[in-house]
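This is what each chain is made of:
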Amino acid sequence: MTEKKDPLFNKIALVGIGLIGSSLARATRKNGLAKEIVACARSQGTRDTAMRLGLVDAIYETPAEAVVDADLVILCTPVSTYDDLACAMAPSLKEGAIVTDVGSVKESVIRDVGPHLPDGIHFVPGHPIAGTEHSGPEAGFAELFEGRWCILTPVPGTNSKALDRITDYWTAMGSMVEIMTAHHHDKVLAITSHLPHLIAYTIVGTATDLEETQQADVVKFSAGGFRDFTRIAASDPIMWRDVFLNNREAVLEMLQRFSEDLSVLQRAVRWGEGDVLEDRFRKTRDIRRGIVDAHQAGTFDAREPDNAQD
Ligand SMILES: NC(=O)c1ccc[n+]([C@@H]2O[C@H](COP(=O)([O-])OP(=O)(O)OC[C@H]3O[C@@H](n4cnc5c(N)ncnc54)[C@H](O)[C@@H]3O)[C@@H](O)[C@H]2O)c1
Ligand SMILES: O=C(O)C(=O)C[C@]1(C(=O)O)C=C[C@@H](O)C=C1
């Protein structure tokens, strides 16, 4: 008989129950990580959906109601909302509670949340590198975090026991945890996640601005590379608006470097410099192969359809 472990937390409160919040609810439940899971959502429709799907034990309209007696509070809304939400829930937090988040940027989150939290509350900023282009409580799934990285960005003075408990929480949901500074996180994610989304939003926009006759063919023949861009460009507009508003410096820096590299390729195309093009394409193919090898060695994501071909 397998030994049943005690849950890591008595009560987890999810502030926001969209894709990531509902995936956390499902993964927490599946892995038996909390005795009680509650959430808050502004609209009655979302609260009804969360209860109908059995995501939580109780759901409230406001964060202040949801966080009462919670020993773990997780912010799961777009990052521009964090300032107001942290302010609203702060007076209701239980002494000793841990507050964490899943926001896609980290320096602004530390700036916006930290100052609202009273003494005796432990803040551990976090970011699961896992998601999809879908939003809302119905889009989540319990396996979202399995085999994926979760980055934690503690600040000087972060309580080490709280950091360990959050590490245990993500590990129990199947994630691998890495710790880094918020500054480093924001630079790395600017190139690996934020810029790719900006490029996808741009290319899909450019294609749909073409004259009508060309537009029809764009839709008709969008089976290959363009289709992959349309998936990314379908990601939540509010979430991504907030990412770009809150990681401005790092995104602009990476965009500058990207534009310079693009100019090199533009020049190579214009002047027929085949060796420049071939050299670049060989290098990037090696990078892709390296990434796939690394994933196959440990963190390979079988859900990525194109991995099957590698
Ligand atoms: N989608 C991804 O791929 C992904 C991956 C990792 C991290 N994240 C981060 O997770 C967070 C949530 O993203 P998501 O994909 O779950 O988005 P989502 O749109 O699916 O869910 C967000 C939820 O927050 C609610 N909300 C918005 N403003 C609110 C407010 N002021 N008060 C209360 N609730 C509010 C929305 O109604 C929605 O239910 C974001 O900070 C995002 O940066 C997203
Ligand atoms: O797979 C996707 O659809 C994603 O865009 C997930 C993705 C990413 O860029 O990797 C998006 C935003 C996050 O903050 C983390 C993960």
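Residues numbered from 1 in each chain as written. Chains lettered and ligands numbered in written order. Predicted model: local features only at pLDDT ≥ 70, side-chain atom pairs only at ≥ 80, totals over all residues.

Chemist: I keep staring at the nonpolar core and nothing clicks. Help me out?
Modeler: Across soluble globular proteins, nonpolar side chains show a tendency to be buried alongside one another. Core analysis: the largest hydrophobic core is formed by 60 residues, its most contacted members being Ile12, Ala13, Leu14, Val15, Ala39, Val73 and Ile74. Setting aside residues no more than four positions away along its own chain, Ile74 makes contact with Ile12, Leu14, Val15, Leu24, Thr100, Asp101 and Val102. Counting 5 residues, the second-largest nonpolar core is a separate cluster that includes Leu189, Ala190, Ala250 and Val251. (Core = buried A, V, L, I, M, F, W, Y, C linked by C-beta atoms within 7 Å. Buried ≥ 20, exposed ≤ 12 C-beta atoms within 10 Å, placed from the backbone. Contact = placed C-beta atoms within 7 Å.)

Chemist: Any chance you could explain the site of ligand 1 here in plain terms?
Modeler: In the vicinity of ligand 1, 25 residues are found, and the nearest of them are Gly16, Gly18, Ser104, Gly131 and Ser135. When residues of the shell around ligand 1 are assigned to their parent elements, the largest contribution, 3 residues, is made by helix α1 (residues 19-30). Its residues assigned to classes, the shell around ligand 1 comprises 11 nonpolar, 12 polar and 2 charged. (Near = placed C-beta within 6 Å. Helix = DSSP H or I, 4+ residues; strand = E, 2+ residues; numbered from the N terminus. Nonpolar A, V, L, I, M, F, W, Y, C, P; charged D, E, K, R; others polar.)

Chemist: Would you take a moment to explain the site of ligand 2 for this structure?
Modeler: Contacts to ligand 2 come from Ser104, Ile129, Ala130, Gly131, Thr132, Glu133 and Ser193. The residue makeup of the shell around ligand 2, split by class, is 2 nonpolar, 4 polar and 1 charged.

Chemist: Please explain the environment of Val264 as it appears in this structure.
Modeler: By the element assignment, Val264 lies in helix α11 (residues 248-270). Take Val264: there are 13 C-beta atoms within 10 Å of it, and that puts it in the partly exposed class. The sequence separation of Val264 and Ser43 amounts to 221 residues, and the corresponding C-alpha distance is 50 Å.

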